[in-house]
Amino acid sequence: MSDHPILFLPGPTEVDAELREIMARPLIGHRSAGFVDDVQQVCQRLKWLYQTSQHAVFESAPATALMEAAFRNLVRPGGRTLHLVCGAFSERWSKIATDCGRKPELLTVPWGMAHDAASLRQKLASSPTFEAVCITHNETSTGVIEPLQELAAVVRDASPSTLILADVVTSLAGAPLNFDAFGLDLAFAGTQKCLALPPGIATYALSHRALERARSIEGRGYLLDFVRAVPETEAGKTLATPCVPLLWALRAQLDRIATEGLARRFARHIAMQHETLAFMHQWQIEPFVADSAARSPTISCLKASGRDVRQLAENATKAGYKIDQGYGDLKGKTFRIGHMGDHTVARLQKMLAALLR
Ligand SMILES: Cc1ncc(COP(=O)(O)O)c(C=O)c1O
């Protein structure tokens, strides 16, 4: 058994010892030449991870900071946004729009389902132009992955001036994402999910046209003012003191991901999803998401299927693992396994065997 509980949560997820050791190094000043180079190297590598030739930077903050910054930079006060809601996190993003004084409209599907291109096209055709459409690529509360590329294509076609904002918090580095090819304007994620690092840094990619749009929006604030933060960070000079140890670990992790290769990394996540679902099937435990195409490769949400979810979580804990007992209204009715980041099929098999016997 490991010396600590192994996290199969939908985030934070398990951090390899090699990365933990990097974070324990003695601190250096964030304006030293070596660190400026680290910041620039991370930005370069993030461009590769997001698959963009436009902008990719980071801030020391949870991903929620970017959910808010999205509106403060890219939507005028009082401006209209459309939210593709399919669970708790996509719903929360729409509430943040209200909190920021924007006017969100919701296109909601029942929890456990993904959006389809036709309904989005119909919504866009029957509404005045939205300033932005907000899509949660991987809805962590339900284990649904949205057809992001297809949905973004609909927005680009039906409403070319509308910006496309994507929460890729639980998909970045775990599921295919090509910022430029998908035609996105903003995408963001925290470090504590498929990047398999502690929480504390949010990375984001931004399109040229989104940065231009930001110049025309008033009240963007300071720390997450894209117009100020993006060029400064790209030049290696963060606006405020960043989380230095985590940035080092991020640099190392991006190199490790490059060594594994994105295609292999995504295939490993799919293999872990298949392993989980096949195992549950043997025990008559059903996936919460009926449509197999909408099932997330990074998080499996399972129906309790007559089992006591607390007992399952307890079995996991006794064997040295942590799993989740369902989110919000789904607590106790479902449980979730985060098979993301640096987990392997072999380690997953051991955890699954301990859950049910
Ligand atoms: C899809 C999604 N969006 C946003 C967030 C918020 O991220 P953070 O806690 O880093 O602010 C989460 C956290 O679990 C999430 O799963």
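The preceding data block contains the structure.
Keep in mind it's a predicted model, so treat the numbers as computed, not measured.

K.L.:
How would you sum up the packing of aromatic side chains? Please name residues and give values.
P.N.:
Taken as a whole and judged by the stated rule, the model has six aromatic pairs. Residues F279 and W283 carry aromatic rings whose centres are separated by 6.4 Å and whose planes lie at 40° to one another, so their mutual orientation is tilted. Of the residues examined, W283 reaches a relative accessible area of 25% and is grouped as partly exposed. An aromatic cluster is present here, built from F71, W93 and F188 joined pairwise through their rings. R25 extends its terminal NZ or CZ atom over the ring of W248, reaching a point 5.0 Å from the ring centre.

K.L.:
Account for the sheet that holds strand β10 (residues 202-206), with residues named and values stated.
P.N.:
If you walk across this open sheet you meet the seven strands as β2-β10-β9-β8-β5-β3-β4, and the pairing is mixed. Strand pairing shows two members of the sheet lacking a second neighbour, β2 (55-59) and β4 (103-108), which therefore form its edges. Direction aside, neighbouring strands of the sheet carry axes that sit 20° apart on average. As defined by bridge partners, strand β3 (residues 80-85) adjoins β4 across six bridges and the pair is classed as parallel. Its bridge partner being in β4, R80 is matched across the sheet by K103. Against the sheet, helix α9 (residues 226-234) makes contact with β2, β9 (186-190) and β10, and its axis sits at roughly 95° relative to β2, the strand it touches most.

K.L.:
For the site of the ligand, give the residues involved together with the corresponding values.
P.N.:
Every one of the 13 residues lining the ligand counts as a neighbour, but T64, T140, D167, Q192 and K193 are closest to it. One of the side-chain nitrogen or oxygen atoms of T64 is found 2.4 Å away from an oxygen atom of the ligand. Within the contact set of the ligand, a nitrogen atom lies 2.6 Å away from a side-chain nitrogen or oxygen of D167. Across the shell around the ligand, the residue classes tally to five nonpolar, six polar and two charged.

K.L.:
Quick rundown of the packing of helix α11 (residues 262-282) against helix α13 (residues 345-355)? Include the residues and the values.
P.N.:
At a minimum axis distance of 10 Å, the contact between α11 and α13 shows a crossing angle of 20°. On the basis of their axis angle, the class for α11 and α13 is roughly parallel. The element α11 and its partner α13 pack so that their crossing is right-handed. Between α11 and α13, the contacting residues are A271, M272, E275, T276, F279 and M280 on the first element and V345, L348, Q349, L352, A353 and L355 on the second.

K.L.:
How would you sum up α9? Please name residues and give values.
P.N.:
Residues of α9 that are buried: F226, V227, A229, V230 and T233. Looking at the packing, one finds that the buried side of α9 touches α2 (33-50), β2, α3 (64-74), β9, β10 and α8 (208-215). Its side-chain oxygen at 2.9 Å from the backbone nitrogen of V227, D225 defines the N-terminal cap of α9. Backbone geometry just downstream of α9 places G236 in the positive-phi region, at approximately 90°.

K.L.:
Go over the pairing of strand β8 (residues 163-167), please, and point to the residues and values.
P.N.:
Buried residues dominate β8, accounting for five of its five residues. Covered by surrounding structure in β8 are L163, L165 and D167 together with I164 and A166, the residues of both alternating faces. Bridging between strand β5 (residues 132-136) and β8 involves five bridges; their strand directions are parallel. Its bridge partner lying in β8, T136 is registered against D167. The pairing of β8 with β9 spans three bridges and is parallel.

K.L.:
Describe the environment of M67, and please don't skip the residues or the numbers.
P.N.:
Within the secondary structure layout, M67 lies in helix α3. M67 sits in the buried class, given a relative accessible area of 4%. Separated by 27 residues in the primary sequence, M67 and S94 place their C-alpha atoms 9.3 Å from one another. In this view, M67 contacts F89, W93, I96, D167 and F188; residues no more than four positions away in its chain are not counted.

K.L.:
Give me the nonpolar core: which residues, what numbers.
P.N.:
Nonpolar side chains in soluble globular proteins generally cluster together in the buried interior. Residues Y50, L184, Y204 and F226 are the most contacted members of the largest nonpolar core, which totals 90 residues. Element by element, the count of residues in this core is highest for helix α10 (residues 244-260), at nine residues. Leaving out residues up to four positions away in the same chain, F226 has contacts with L66, A69, N73, L74, L186, Y204, L206, L211 and P231. The next biggest cluster of nonpolar side chains, apart from the first, holds 24 residues, and it includes L277, M280, A319 and F335.

The rules we used
- Residues numbered from 1 in each chain as written.
- Predicted model: local features only at pLDDT ≥ 70, side-chain atom pairs only at ≥ 80, totals over all residues.
- Heavy atoms only, no water.
- Phe/Tyr/Trp six-rings, centres within 6.5 Å; stacked < 30°, edge-to-face > 60°.
- Buried < 20%, exposed > 50% of the residue type's maximum accessible area, 1.4 Å probe, protein only.
- Lys NZ or Arg CZ within 6 Å of the ring centre and 35° of its normal.
- Pairing = 2+ DSSP bridges.
- Helix = DSSP H or I, 4+ residues; strand = E, 2+ residues; numbered from the N terminus.
- Axes fitted to C-alpha atoms, helices over the stretch in contact; angles between N-to-C directions.
- Contact = heavy atoms within 4.5 Å.
- Near = heavy atom within 4 Å.
- Polar contact = N/O pair within 3.5 Å; in protein donor to acceptor, adjacent residues only side chain to side chain.
- Nonpolar A, V, L, I, M, F, W, Y, C, P; charged D, E, K, R; others polar.
- Parallel < 35°, antiparallel > 145°, perpendicular 65-115°, else oblique.
- Left-handed = near helix turned anticlockwise from the far one by under 90°.
- Core = buried A, V, L, I, M, F, W, Y, C linked by side-chain atoms within 4.5 Å.

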